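A look at the structure
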Amino acid sequence: MKKISIFGATGSIGQNTIDLIRRAPEDYDIVALSGGRNIARLAADARDLRAQVAVTAYPELLDDLRAALAGSDVEAAAGPQAIAEAANRPADWVMSAIVGAAGLVPGLQALKQGATLALANKESLVCAGDLLMTTARAHNARILPVDSEHSAIFQALIGEDISEVERIIITASGGAFRDWPLEDLRDATVAQASSHPNWDMGQRITIDSASMFNKALEVIEAKEFFGVSPDQIEVLVHPQSIVHALVGFRDGALMSHLGAPDMRHAIGYALHWPKRRDLPVDRLDLAALGQLSFVAPDPARYPALGLAWDVMNRGGLAGAVFNGAKERALDHFIAGRIGFLDMARVVEQALTSADRQAGLLDQDMTLETVLDADHLARQETDRIVAAGVV
Ligand code: NAD
Ligand code: MG
């Protein structure tokens, strides 16, 4: 039996992971499940899957969680520290599916006890790529990508030598506003940005898809995970979301991975790796699809995308600042304090301002410096928003 923990179990990725596990419960022994405010979901899954412990991120919800678990053998715990402790419990395979920088600490803890980390939480690679990869190597632990593009690249690289890779092409659906007139983007609402044409995901990543902040994070994620240089990475808008990524080799060959837009493929691939197992995803009917199309991303429509190269070329702690500023800018957009296009401007200003603070971005990367940079980026973003962006 494989010992499994799922952090962010109540979210979109977490629920898709649980869906796969429920199809063969006898194969898995569930150690920890974590969630946020959805106590009913967390408790129901923890009871049903007979988890050792269920943890909510919010200490004030501990009593509710205890009540919801009453009469079962599942332990209840709460707060970020309890999440980190749960990630310390021995497990073979750990799903990192918390949204945002909050996923970093449990991911590091899981690697430290040698678990295979199935990484949906791209933010941790963006904030602390070096730290995560070094920790994995030091503890002989493995990270498997769960982002669909990175799972596609990983699969296209099987049996290949990374030194023979010329380029990596990550596809993007183009998000909710792909076909909107440019002048309407300024007034796009949260509700409009929260619906995705192809993928069913959590609200934050869905809005990040509309702005392409998500793609910017994924470009950085690809650099950190595969160790390629920034100029080897390209982004291509592909409205059908069927080709998830392509890898180009020195002889001009392109290897790609195609599949229906269903995260259970990438999750299931990481769950069963290095084997392949039957997965409940739609099979592609290419004749019915008829055609696949590709177009270069328009920088005027997606100002956030180009910031990824600024961040990669700057290096150091710029990724932590970028992610922290992006998370706060998104909070401000969701709260109605800034417009859709302001998010990229605010994040760019936060990056510039962090770069002006002598030595800040060039400190050694440790958990502490990453968390400090993240904190500072959030404060700086709040300051910029309070000052009023134009
Ligand atoms: P979601 O919003 O549906 O779920 C997020 C989960 O994190 C929930 O369980 C929530 O309770 C928990 N959470 C939120 N804030 C937390 C905090 N501060 N501390 C601890 N837990 C917290 O998000 P999602 O769409 O499932 O995405 C999860 C991660 O996977 C993100 O990093 C996202 O970028 C990545 N990802 C998602 C998809 C997708 O299809 N949804 C695809 C690729 C990558
Ligand atoms: Mg993705």
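Source: prediction; values computed, not measured.

With that settled, consider the environment of R250. Locating R250 in the fold gives a position in the loop between β10 (243-249) and β11 (254-258). Leaving out residues up to four positions away in the same chain, R250 has contacts with E164 and E166.

Our next topic: the coordination of the magnesium ion (ligand 2). With distances of 2.1 to 2.2 Å, the protein atoms coordinating the magnesium ion (ligand 2) are D147 (OD), E149 (OE) and E218 (OE). All donors of the magnesium ion (ligand 2) belong to a single chain; written as a sequence motif, their spacing is D-x1-E-x68-E. One end of the pair, D147, is in the loop between β7 (143-145) and α7 (148-156); the other, E218, is in helix α10 (residues 213-226), and 71 residues separate them in sequence. For the pair shown, D147 and E218 are each scored as buried.

Around ligand 1 lies a shell of 23 residues, among which T10, S12, I13, G36 and E123 are the nearest. One nitrogen or oxygen atom from the main chain of G36 is found 2.8 Å from an oxygen atom belonging to ligand 1. Side-chain polar atom of E123 to an oxygen atom of ligand 1: 2.6 Å apart, as the coordinates give it. Considering ligand 1 on its own, with 820 Å² of exposed area, one finds that the protein chains cover 85% of that surface. Only α1 (12-22) and α6 (122-138) provide two or more residues apiece to the shell around ligand 1. Among the residues making up the shell around ligand 1, the classes are represented as 12 nonpolar, eight polar and three charged.

This paragraph deals with helix α3 (residues 62-69). Among the residues making up α3, those that are buried are L62, L65 and L69. Along the axis of α3, the buried positions cluster into a sector of 65°, meaning they face one direction only. Seen from the buried face of α3, the exposed residues on the opposite side, beyond 90 degrees, are D63 and A67. Downstream of α3 by a residue or two, G71 has a phi angle that is positive, lying close to 85°.

As a volume, the second largest pocket reaches approximately 300 Å³. Along the walls of the second largest pocket sit 24 residues, with H257, L258, H265, L279 and V281 positioned nearest its centre. The set of elements that each furnish at least two residues to the lining of the second largest pocket consists of α7, β11 and α11 (264-272). Considering each element in turn, the lining of the second largest pocket owes the most residues, five residues, to α11.

Here the idea is simple: oppositely charged side chains can pair when their charged atoms come close. Under the defined criterion, the tally for this structure stands at 29 salt bridges. Across the pair R22 and D45 runs a salt bridge whose closest N-O atoms are separated by 2.8 Å. Placement of the pair is R22 in helix α1 and D45 in helix α2 (residues 39-48), with a sequence separation of 23 residues. On the accessibility criterion, R22 (36% relative accessible area) is partly exposed. By sharing partners, the salt bridges in this structure join K122, D147, E149, K215 and E218 into a single network.

This part covers the pairing of β10. Where burial is concerned, most of β10 is hidden: seven out of the seven residues are buried. With five bridges connecting them, strand β8 (residues 165-172) and β10 associate as antiparallel partners. Bridge pairing in β10 links R167 to G248. In this structure, β10 lies alongside β11, joined through five bridges in antiparallel fashion. Within β11, the position partnered with V243 by the bridge is L258. With antiparallel pairing between neighbouring strands as the criterion, β10 and β11 make up a hairpin whose turn holds four residues, including G252 at a positive phi of roughly 90°.

As annotated by UniProt and renumbered to match this structure, "domain: 1-deoxy-D-xylulose 5-phosphate reductoisomerase N-terminal" (unreviewed entry) occupies residues 4-129. Summarising residues 4-129: 44% helix, 22% strand, and an end-to-end C-alpha distance of 24 Å.

Further remarks concern the sheet that holds strand β9 (residues 233-237). Across the sheet, which stays open at both edges, the four strands sit in the order β9-β8-β10-β11 with mixed pairing between neighbours. Two strands close off the open sheet at either side, each with one partner strand: β9 and β11. On average, each strand axis in the sheet is tilted by 20° relative to the strand beside it, whichever way the strands run.

Definitions and cut-offs
- Residues numbered from 1 in each chain as written.
- Chains lettered and ligands numbered in written order.
- Predicted model: local features only at pLDDT ≥ 70, side-chain atom pairs only at ≥ 80, totals over all residues.
- Heavy atoms only, no water.
- Helix = DSSP H or I, 4+ residues; strand = E, 2+ residues; numbered from the N terminus.
- Contact = heavy atoms within 4.5 Å.
- Donors = N, O, S within 2.8 Å, 3.2 Å for Na, K, Ca; no water.
- Buried < 20%, exposed > 50% of the residue type's maximum accessible area, 1.4 Å probe, protein only.
- Near = heavy atom within 4 Å.
- Polar contact = N/O pair within 3.5 Å; in protein donor to acceptor, adjacent residues only side chain to side chain.
- Areas by Shrake-Rupley, 256 points an atom, 1.4 Å probe, with all protein chains shown as cover.
- Nonpolar A, V, L, I, M, F, W, Y, C, P; charged D, E, K, R; others polar.
- Arc of directions from axis to C-beta.
- 1 Å grid on protein atoms, 1.4 Å probe; cavity = no way out; pocket = protein on both sides within 12 Å on 5 of 7 lines; lining within 4 Å.
- Points joined across faces, edges and corners; volume = space filled by probe spheres on them.
- Salt bridge = Lys/Arg side-chain N within 4 Å of Asp/Glu carboxyl O.
- Pairing = 2+ DSSP bridges.
- UniProt positions renumbered as here; feature names shortened; annotations may be inferred.
- Axes fitted to C-alpha atoms, helices over the stretch in contact; angles between N-to-C directions.

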